[in-house]
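One letter stands for each residue in the lines below.
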Amino acid sequence: MRELQIEGLHPSDLTRRQRLVLIYAVSIVSIVVFYAVLYNVGMRRLEGRPQSIFRSLQTVTETMTTTGFGAGAPWATPAMNLLMITIQVTGILIGFVALRILVIPLFERTPLNLDDRLTAKDDHVVVAEYRRDTDILLDELEELDVGYVLLESDEDEAKRLSDDGYQAIHGDPENGSDLERAMIERASLLITDAGDSTASIVLTALEANEDLRTISFTESTRHDEALTEIGVDRSVAPHALIGRRLAQKATTPVAVDAAADGGAEAITVREILVRRESPLHGVRIDESPIAVHPDLTLVGGWFDGTLRLSPPGDVRLTPNTVLVVAGPERAIDDVSSEVSGVRTPRASERSRIVVAGVGEGGAAATDTLPDDTSVTTIDRSAAADPDVVGDVSEPGTLRDADIGDADALVVTVDDDATALLTVATARSLSDDVEILARVTDTEKATPAFKAGADYVLSIQRASARLVAAEVHGERVMDPTSQIRLVRTDAEPFVGDSLADVRRNTERGWTVVGVVRDDCIVTDEHTAIESSDEVIVAGSDETIREFERTVDAS
């Protein structure tokens, strides 16, 4: 019995598709033979025209395949005409079944070679797995006009991305031949976000290209030293990165040193929140003390949770508008001190910080806070050893953490829905606390602002922005902030004053100041000279547009 199964084809050895094809073939033969016999009998008894069974088989076959009826037509009796109609309809139905069972699956199962869709690459970026919204990262690279190949282990995801126009192929990043398909030997940068497979991917890639720069995204900073040892140039734990960034924002203003050699005065970018009780409520932007100050530039503002770059002067300030101001720190402090009701972050006042969520991000935020800061941590798990155990979104838990007396709340919970509810609950309990929140999904940033947050960072957006900064070099000065600053040659602006180049508010980017003789000049009456460098501020999109249309010219 065993030998019979080996030498012959046992039904259990067939695949489901093979069994379907076999059943289909047997059914077709049975139907054709049945109709041939029936037709042969009908021609002899009803039509009085006896013929051979083979002639009847030919006629039935012609009828079912709609290729003709041979010499059999016409038929005199109603029964034979009905039989022929039945045979024709049966043939059509069989054709539809054949299309669904045989033809369509055949094309569906034909392997699609995504490699054929790749364009020629050189000095490009190879992305070996990415788990933080791949579309955002690839959009970032395409906006920067950076060549890339994504090597994705999930075949369906690779096909989806390729169908959407991205340079994506399916393969195993740990496999050297698959990395070769991504042209790793000609790449300049490897980005990997593959968890435990990271070390294997990096080592395999470096064998093919020892000059490759590498960035690794990880869930924790625990393996940073080990990854450095095997050749990773930069290891990034986004949760920890953003936790540190939020802590820095809660205790110090955002400052970027734009000096060529560190000798110039720092340009500070600061978000100034317009409170409900502020005298600026209802004031036009062009009439505000910030807009008329000669050393300050209003880069943009968050209006109802939406960032507007270089807003028109006739826009009126509403409660909880966040103005993004750039200029020397002393000038921002002077203006802020003149305007009561406008809250600005001052390090000396940040004495009590509440951190909601003691995971990787929360721990990084706590470690980043200055030693003289009083920190209260909240987490639902007692194993995390927080100061307050409980649901961070519950009013009682926040009250136990003395949210009413806190200067800032840093929200680093993993779930976006919980983060939004925590923000809204905290804002309902305190109008004074500055709320800084982390979200995973970029689309949740705007709802977080509307819920009452003063500052929001998205893991997806920050990760993509960090990659853009790495690809772009040092030109991107603060890759995790909401606003980007870049320094560039002043040639396109020579002869214009700062006031002239700031006047156009429709392009979305603005010139903050110029670097001259290791000093930053922000006075709007300053004429730009050919030896200067200009500092331009804007969002990711507008800065890219500036670099394509102005900086590249």
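The model shown is predicted, which means the values in this text are computed figures rather than measured ones.

Engineer: What should I look at first to understand the overall build of the protein in this one?
Structural biologist: Regarding its fold elements, the protein presents 19 helices and 22 strands. Residue burial in the protein is summarised as follows: out of 553 residues, 49% are buried. Accessible surface, the protein: about 26000 Å² in total, of which carbon and sulfur atoms supply 50%.

Engineer: Looking at this structure, I do not really get the sheet that holds strand β21 (residues 519-521). What am I missing?
Structural biologist: Each strand in a sheet pairs with its neighbour through backbone hydrogen bonds, running either in the same direction (parallel) or in the opposite one (antiparallel). Within the open sheet, the four strands sit side by side as β19-β22-β20-β21. Their pairing is antiparallel. Each having just a single partner strand, β19 (484-489) and β21 make up the two edges of the open sheet. Taken over all neighbouring pairs, the strand axes of this sheet differ in orientation by 30° on average, direction set aside. With six bridges connecting them, β19 and strand β22 (residues 533-538) associate as antiparallel partners. Across the sheet, L485 pairs through a bridge with A537, a residue of β22.

Engineer: Is there a simple way to think about the sheet that holds strand β5 (residues 213-217) in this case?
Structural biologist: The strand order β3-β2-β1-β4-β5-β6 describes an open sheet built from six strands, whose pairing is parallel. For this open sheet the edge positions go to β3 (168-170) and β6 (234-236), each flanked by a neighbour on one side alone. Sheet twist, expressed as the mean angle between neighbouring strand axes with direction ignored, is 20°. Across four bridges, strand β1 (residues 125-128) lies against strand β4 (residues 189-192) in parallel orientation. Residue pairing in the sheet places V126 in a bridge with L190 of β4. Each of β1 and β2 (148-152) touches helix α5 (residues 134-143); the most contacted strand, β2, lies at about 165° to it. Its contacts with the sheet place helix α6 (residues 155-163) against β2 and β3, and it is angled at close to 155° to β3.

Engineer: What's the story with the packing of aromatic side chains in this structure? I'm lost.
Structural biologist: Given two aromatic rings, one states the distance between the centres and the angle between the planes to describe the pair. Taken as a whole, this structure holds six aromatic pairs when the rule is applied. Ring plane angle 50° and centroid distance 5.8 Å describe the contact between F34 and Y35, whose orientation is recorded as tilted. Taking relative accessible area as the criterion, Y35 reaches 9% and is therefore assigned buried. Members of the aromatic cluster, joined through ring pairs, are F493, W509 and F546.

Engineer: Any chance you could explain the nonpolar core here in plain terms?
Structural biologist: The nonpolar side chains of soluble globular proteins are, as a tendency, buried together. V354, I378, I403, L409, V411, I435 and V456 are the most contacted members of the largest nonpolar core, which has 25 residues in total. Counting 24 residues, the second-largest nonpolar core is a separate cluster that includes V146, L150, L161 and I191.

Engineer: Whenever I open this one, the side chain of S458 confuses me. Can you help?
Structural biologist: Inspection of the secondary structure puts S458 in strand β18 (residues 455-458). Accessibility expressed as a relative area gives 7% for S458, which makes it buried. A distance of 3.5 Å separates the side chain of S458 from the backbone oxygen of T440, its partner in a polar contact. Looking at S458, its side chain comes within polar contact range of the main-chain nitrogen of R461, at 3.2 Å.

Engineer: I keep staring at the environment of E287 and nothing clicks. Help me out?
Structural biologist: Relative to the assigned elements, E287 resides in the loop between β8 (267-274) and α11 (289-292). On a C-alpha basis, the gap between E287 and G313 in space is 7.8 Å, while along the polypeptide they are 26 residues apart.

Engineer: Quick question: what am I supposed to make of the confidence of the model for the protein here?
Structural biologist: Close inspection of predicted coordinates is inappropriate for parts of the model with low pLDDT. Looking at the protein, pLDDT values average 81 and 83% of them are 70 or higher. Of the regions scoring below 50 in pLDDT, residues 1-7 engages in two contacts with residues more than four places distant in sequence or in other chains.

Engineer: Please explain unusual backbone geometry as it appears in this structure.
Structural biologist: Excluding glycine, most residues fall at negative phi; most peptide bonds, likewise, are trans. Phi at M183 is positive, roughly 60°, even though this residue is not glycine. When you line up the elements, M183 lands in the loop between α7 (176-181) and β4. M183 sits in the buried class, given a relative accessible area of 12%. A positive phi angle is found at D385, which is not glycine, with a value near 55°. Within the fold, D385 resides in the loop between β14 (374-379) and β15 (388-389). Residue D385 is classed as exposed on the basis of its relative accessible area, which comes to 65%.

Engineer: I would appreciate a short explanation of the pattern of salt bridges in the present structure.
Structural biologist: Charged atoms that come close allow side chains of opposite charge to pair. Counting across every chain of the model gives 19 salt bridges. One salt bridge connects R160 with D135, and the closest N-O pair in it is separated by 3.0 Å. With R160 in helix α6 and D135 in helix α5, the pair connects residues that are 25 residues apart, well separated along the chain. Looking at R160, the relative accessible area reads 32%, which means it is partly exposed. For K159, the salt bridge identified is with D163, shortest N-O distance 2.9 Å. Of this pair, K159 and D163 are both found in helix α6, four residues apart, which corresponds to roughly one turn of the helix. What makes D163 partly exposed here is its relative accessible area of 44%.

Engineer: Is there a simple way to think about the pairing of β18 in this case?
Structural biologist: On any regular strand, side chains alternate: one points to one face of the sheet, the next to the other face. Residue alternation in β18 divides its side chains into two sets, Y455 and L457 and V456 and S458, and both sets are buried. The pairing of strand β17 (residues 434-439) with β18 spans four bridges and is classified as parallel. When the sheet's bridge partners are listed, V439 is paired in β18 with S458. The handedness of the β17 to β18 crossover, carried by helix α16 (residues 445-451), is right-handed.

Engineer: Honestly, a nonpolar patch on the surface in this entry has me stumped. Any pointers?
Structural biologist: On the surface, L82, I85, V89, I92, L93, F96, L99 and V103 cluster together to form a nonpolar patch covering roughly 750 Å² of accessible area. By secondary structure assignment, the location of V103 is in helix α4 (residues 78-108).

Engineer: It is not clear to me how helix α3 (residues 53-64) should be interpreted in this structure. Could you clarify?
Structural biologist: An α-helical segment advances 3.6 residues per turn. Residues three or four places apart therefore align on the same side. For α3, spanning 12 residues, the distance from its first C-alpha to its last is 16 Å, which sits close to the expected 16 Å at 1.5 Å a residue. Positive phi shows up at T66, right after α3, with a value of about 55°.

Engineer: Help me understand helix α15 (residues 416-429) in this model?
Structural biologist: In a regular helix each residue adds 1.5 Å, so 14 residues correspond to 20 Å; α15 covers 20 Å between its end C-alpha atoms and thus fits that length. When we look at burial in α15, the residues that qualify are D416, A419, L420, T422, V423, T425, A426 and R427.

Criteria and cut-off values
- Residues numbered from 1 in each chain as written.
- Predicted model: local features only at pLDDT ≥ 70, side-chain atom pairs only at ≥ 80, totals over all residues.
- Heavy atoms only, no water.
- Helix = DSSP H or I, 4+ residues; strand = E, 2+ residues; numbered from the N terminus.
- Buried < 20%, exposed > 50% of the residue type's maximum accessible area, 1.4 Å probe, protein only.
- Areas by Shrake-Rupley, 256 points an atom, 1.4 Å probe, with all protein chains shown as cover.
- Pairing = 2+ DSSP bridges.
- Axes fitted to C-alpha atoms, helices over the stretch in contact; angles between N-to-C directions.
- Contact = heavy atoms within 4.5 Å.
- Phe/Tyr/Trp six-rings, centres within 6.5 Å; stacked < 30°, edge-to-face > 60°.
- Core = buried A, V, L, I, M, F, W, Y, C linked by side-chain atoms within 4.5 Å.
- Polar contact = N/O pair within 3.5 Å; in protein donor to acceptor, adjacent residues only side chain to side chain.
- pLDDT = per-residue confidence, 0-100.
- Salt bridge = Lys/Arg side-chain N within 4 Å of Asp/Glu carboxyl O.
- Right-handed = clockwise from strand over helix to strand, strands pointing away.
- Patch = residues over 30% accessible without salt bridge, like charges linked within 9 Å, V, L, I, M, F, W, Y side chains within 5 Å.
- Expected span 1.5 Å × (residues − 1).

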